[in-house]
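Observations on chain architecture
Below, each chain spelled out in residue letters.
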Amino acid sequence: MTESSSRRFDLIVFDWDGTLYDSTRLITRCIQAAVVDVGGAMPDERDAAWVIGLGLAEALARAAPDVPREKYAELGARYRYHYLKQQDDVVLFDGVLPMLDTLKARGHLLAVATGKSRRGLNEALAGAPMRHRFDSSRTADETHGKPHPRMLLELMEELVVPPERTLMIGDTTHDLQLAINAGCASVGVSYGAHEPDSFEPLNPLHVAHSVDDLTAWLLGHA
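Every chain is numbered independently, its residues counted from 1 as its sequence is written. Only residues with pLDDT of 70 or above have their local features reported here, since the model is predicted, and side-chain atom pairs are shown and tallied only from 80 upward, although totals for entire chains, interfaces and linings are computed over all residues. No hydrogens and no water enter the side-chain calculation; it runs on all heavy atoms of the structure.

Overview of the layout of surface pockets
The distinction between a cavity and a pocket rests on a 1 Å grid over the protein atoms alone: a 1.4 Å probe fits inside a cavity but cannot get out, while a pocket stays open yet meets protein on both sides within 12 Å along at least five of seven lines, and a residue with an atom within 4 Å of a point counts as lining. Grid points are joined across faces, edges and corners, and a volume is the space filled by probe spheres set on the points. A volume near 560 Å³ is recorded for the largest pocket. In this structure, the largest pocket is lined by 28 residues; those nearest its centre are Leu-56, Tyr-79, Gly-115, Lys-116 and Ser-117. Roughly 430 Å³ of internal volume is contained in the second largest pocket. What lines the second largest pocket is a set of 18 residues, among which Thr-24, Ala-49, Gly-192, Ala-193 and His-194 lie closest to the centre. Broken down by element, the lining of the second largest pocket gets its largest block of residues, 5 residues, from helix α2 (residues 24–37). Classes in brief: Ala, Val, Leu, Ile, Met, Phe, Trp, Tyr, Cys and Pro nonpolar; Asp, Glu, Lys and Arg charged; the others, Gly included, polar. Its residues assigned to classes, the lining of the second largest pocket shows 5 nonpolar, 7 polar and 6 charged. The way it works is that DSSP assigns letters per residue, a run of H or I at least four long becomes a helix, a run of E at least two long becomes a strand, and they are numbered from the N terminus.

If you want it as structure tokens, here you go:
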């Protein structure tokens, strides 16, 4: 049996924040601070965390339903202000780089599908020396945000991989619904923004409780 025929998935697509990058708490705090800055009621941690993974504009609008639309631009600017002040405080989860290198060595194509902006993702990739580890990526500001399937559909088309050979990995129900909408399988991780109990109706193949757990499952089943 050849290595390619022993793989179940040729393309593995990762969400970024909360899946590879330990940024959930920072993003939650920045959303809360931005809403207060423009006069809105501070969302609680659960509500602020729930919108992580959506495109920035949609995420902030859902987190701040009492903020009028004409303040959305200011709301976005305040979020970016708070995030940029603290972005150097967050890092990749332990074990991410060895996991990615092992998957690359096995011949998997790797990609990112994220609610971040293109500028934000490029800065994160450059800061974490990871750009060369991914074959492609999509961000919310250059295509449809999650859970619309376009992100995954574009990645599959670009990398010439069908849905049944593509796996989406993420920490939110938005990621798992994205996979369903694109006709792909998914794996959830429980250490990010959403409670893993919310994953069950979306039928992920596995829910990983650490990067080591995720790596072991991928090596055994992907």
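Looking at unusual backbone geometry
Negative phi characterises most residues that are not glycine, and trans characterises most peptide bonds. Pro-147 follows Lys-146 through a cis peptide bond whose omega is 5 degrees. On the secondary structure map, Pro-147 appears in the loop between β3 (136–139) and α8 (150–159). Residue Val-160 is not a glycine yet carries a positive backbone phi of 55 degrees. Following the sequence through the fold, Val-160 ends up in the loop between α8 and β4 (166–170). For Asn-203, which is not a glycine, the phi torsion comes out positive at approximately 55 degrees. As for its position among the elements, Asn-203 is in the loop between β5 (185–189) and β6 (207–208). Using a relative accessible area of 61% as the deciding quantity, one classes Asn-203 as exposed. A simple rule labels every residue: compare its accessible area, found with a 1.4 Å probe on the protein chains alone, to the largest value its type can have, and call it buried under 20%, exposed over 50%, or partly exposed in between.

A short note on helix α9 (residues 173–182)
Among the 10 residues of α9, 7 are classified as buried, and the element is accordingly described as predominantly covered. In the core, the buried residues of α9 are packed alongside α3 (45–50), α8, β4 and β5. N-capping of α9 is provided by Thr-172, with a side-chain oxygen placed 3.2 Å from the backbone N of His-174. Gly-183 sits one or two positions beyond α9 and adopts a positive phi of about 80 degrees. Note on contacts: a residue pair is in contact if any heavy atoms of the two residues lie within 4.5 Å. N or O atoms within 3.5 Å of each other form a polar contact, as long as, within protein, one can give a hydrogen and the other can take it, and as long as residues adjacent in sequence are counted only when both atoms are side-chain atoms.

Structural notes on the pattern of salt bridges
Definition used for salt bridges: Asp or Glu carboxyl oxygen within 4 Å of a side-chain nitrogen of Lys or Arg. One pass over the full model with this rule turns up 12 salt bridges. Measuring nitrogen to oxygen at the nearest pair gives 2.9 Å for the salt bridge that ties Asp-10 to Arg-165. Of this pair, Asp-10 sits in the loop between α1 (3–6) and β1 (11–14) while Arg-165 sits in the loop between α8 and β4, and the two are 155 residues apart along the sequence. Here Asp-10 falls in the buried class, since its relative accessible area comes to 19%. Look at Arg-165 and you get partly exposed, because its relative accessible area is 23%. One network of salt bridges, with partners in common, ties together Arg-7, Asp-10 and Arg-165.

Looking at the packing of aromatic side chains
Each Phe, Tyr or Trp ring (for Trp, its six-membered ring) is paired with any other whose centre lies within 6.5 Å, and the angle between the two planes then decides the class: stacked below 30 degrees, edge-to-face above 60, tilted in between. In this structure the tally under the stated criterion is 3 aromatic pairs. Both rings, one in Tyr-79 and one in Tyr-83, keep their centres 6.0 Å apart while their planes meet at 25 degrees; by these two values the pair is stacked. Pair noted here: Tyr-79 and Tyr-83 are both in helix α5 (residues 72–86), with a separation of 4 residues, about one helical turn. For the ring pair Phe-93 and Tyr-191, a centre distance of 4.8 Å and an interplane angle of 70 degrees mean the geometry is edge-to-face. Of the two residues, Phe-93 sits in the loop between α5 and α6 (96–105) while Tyr-191 sits in the loop between β5 and β6, which places them 98 residues apart along the sequence.

What to know about the side chain of Thr-114
Tracing the backbone through its elements, the reader meets Thr-114 in strand β2 (residues 109–114). Residue Thr-114 is classed as buried on the basis of its relative accessible area of 1%. Of note is the side chain of Thr-114, whose polar atom sits 3.0 Å from the backbone nitrogen of Lys-116. Sequence-distant contacts of Thr-114, defined by excluding residues within four places in its chain, comprise Asp-15, Trp-16, Leu-121, Arg-138, Thr-139, Ala-140, Lys-146 and Met-151.

Re the nonpolar core
Only buried residues count toward a nonpolar core, which is a set of Ala, Val, Leu, Ile, Met, Phe, Trp, Tyr and Cys residues joined through side-chain atoms within 4.5 Å. Ranked by size, the top nonpolar core spans 51 residues in total, and within it Phe-14, Trp-16, Phe-134, Leu-214 and Leu-218 carry the most contacts. For this core, the leading source of residues is α2, giving 6 residues. Formed by 16 residues, the second largest nonpolar core is a distinct cluster that contains Ala-111, Leu-152, Ala-179 and Ala-182.

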